[in-house]
Amino acid sequence: MSALITLNDIYKVYRMGQEKIIAVNGVSLEIGEGEICCMKGPSGSGKSTLLHLMAGLDKPSKGTITIGKNRIDKLNENQLALFRQRYVGFIFQSYYLIPTLTALENVAMPLTFCGVPKNKRIKKAKELLEAVGLKDRMKHKPSEMSGGQQQRVSIARAFANNPKVVFADEPTGNLDTATTFEMMNLMTTMAKAWNQTMVIVTHDNEISGYASRIINIRDGKIEKIENGRDFHDEEINA
Ligand code: ADP
């Protein structure tokens, strides 16, 4: 598997008055194309900071980050915005849907930024909402849907622009156990079908079962890397 994401000796230091907080403390890591990778660790260990750095939402204090051919630590704000529109999808714990827009409009939104014409945007958004099982909720606004349904919309939105990589930050943190499994099946099935890479931040052991590798983070460092369920399935089938 060739590397899609390469982190080389990454540091992220925050300054709070006199205090220096080393959120990421020298992380080097390669994530393969099509890999489903989980970053696990206690609260405050630096998982979200690492995810934000990989997704081009924040810049490292030191080190290099490459996604495909892009050195994202070198891009300026405008270039980063373009990079995110074209290559990246996001799924967040609290969905971040636009409350005044319908499910269909929310899913079509990223395609607007990519310059896709309206009829194509609507067609793609409908296909995705059908794929996540929301065919009969397309005209509903977020407040008219359950938490699980809202997360389905946000999953459909994350995949709308055919991203190379989907980043998910505690995607099931607000959901019950049954819905958590449903959402994890949905996300990972979609990513595998289209050979997309997924990086999922979680502190939930159940979720890490969906990953091919589990990167355990502690105090801003990689503590250990474990092989996940997929690996064992491959071994058993081999
Ligand atoms: P996790 O996602 O594992 O809970 P975070 O990446 O959110 O951890 O945080 C890692 C450390 O960096 C924590 O000590 C947190 O308080 C600190 N931190 C995160 N973001 C900021 C920020 N914007 N300013 C200052 N400190 C921050």
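Higher on the page you've got the structure.
Residues numbered from 1 in each chain as written. Predicted model: local features only at pLDDT ≥ 70, side-chain atom pairs only at ≥ 80, totals over all residues. Heavy atoms only, no water.

K.L.:
Break down the packing of helix α3 (residues 103-113) against helix α5 (residues 147-159) for me, citing the residues and quoting the values.
P.N.:
A packed helix pair is summarised by two numbers, namely the angle formed by the two axes and the spacing between the axes. Between α3 and α5, the shortest axis-to-axis distance is 7 Å and the interhelical angle comes to 25°. Put simply, α3 runs roughly parallel to α5. Crossing geometry of α3 relative to α5 is assigned as right-handed. Where α3 abuts α5, its residues Ala-103, Asn-106, Val-107 and Pro-110 lie against Val-153, Ala-156 and Arg-157. Class assignment for the residues of the contact of α3 with α5 results in 5 nonpolar, 1 polar and 1 charged. (Axes fitted to C-alpha atoms, helices over the stretch in contact; angles between N-to-C directions. Helix = DSSP H or I, 4+ residues; strand = E, 2+ residues; numbered from the N terminus. Parallel < 35°, antiparallel > 145°, perpendicular 65-115°, else oblique. Left-handed = near helix turned anticlockwise from the far one by under 90°. Contact = heavy atoms within 4.5 Å. Nonpolar A, V, L, I, M, F, W, Y, C, P; charged D, E, K, R; others polar.)

K.L.:
Which residues make up the side chain of Gln-151, and what values go with them?
P.N.:
As for its position among the elements, Gln-151 is in helix α5. Among the polar contacts made by the side chain of Gln-151, one reaches the main-chain carbonyl oxygen of Pro-171 at a distance of 2.6 Å. Setting aside residues no more than four positions away along its own chain, Gln-151 makes contact with Ile-91, Phe-92, Gln-93, Tyr-95, Pro-171, Leu-175 and Met-183. (Polar contact = N/O pair within 3.5 Å; in protein donor to acceptor, adjacent residues only side chain to side chain.)

K.L.:
Now, about the sheet that holds strand β4 (residues 62-67): what can you tell me, with residues and values included?
P.N.:
Strand order across the open sheet formed by 4 strands is β2-β1-β4-β5, with antiparallel pairing between neighbours. Of all strands in the sheet, those bounded by a partner on one side alone are β2 (19-32) and β5 (70-71). (Pairing = 2+ DSSP bridges.)

K.L.:
Outline the site of the ligand, listing residues and values.
P.N.:
Looking at the ligand, the residues that line it are Tyr-14, Met-16, Ile-21, Ala-23, Pro-42, Ser-43, Gly-44, Ser-45, Gly-46, Lys-47, Ser-48 and Thr-49. For the ligand, an oxygen atom lies 3.1 Å from a polar atom in the backbone of Ser-45. Measuring from an oxygen atom of the ligand, one finds a side-chain N or O atom of Thr-49 at 2.5 Å. Counting only elements with at least two residues in the shell around the ligand, the list comes to β1 (3-16), β2 and α1 (47-54). Broken down by element, the shell around the ligand gets its largest block of residues, 3 residues, from α1. (Near = heavy atom within 4 Å.)

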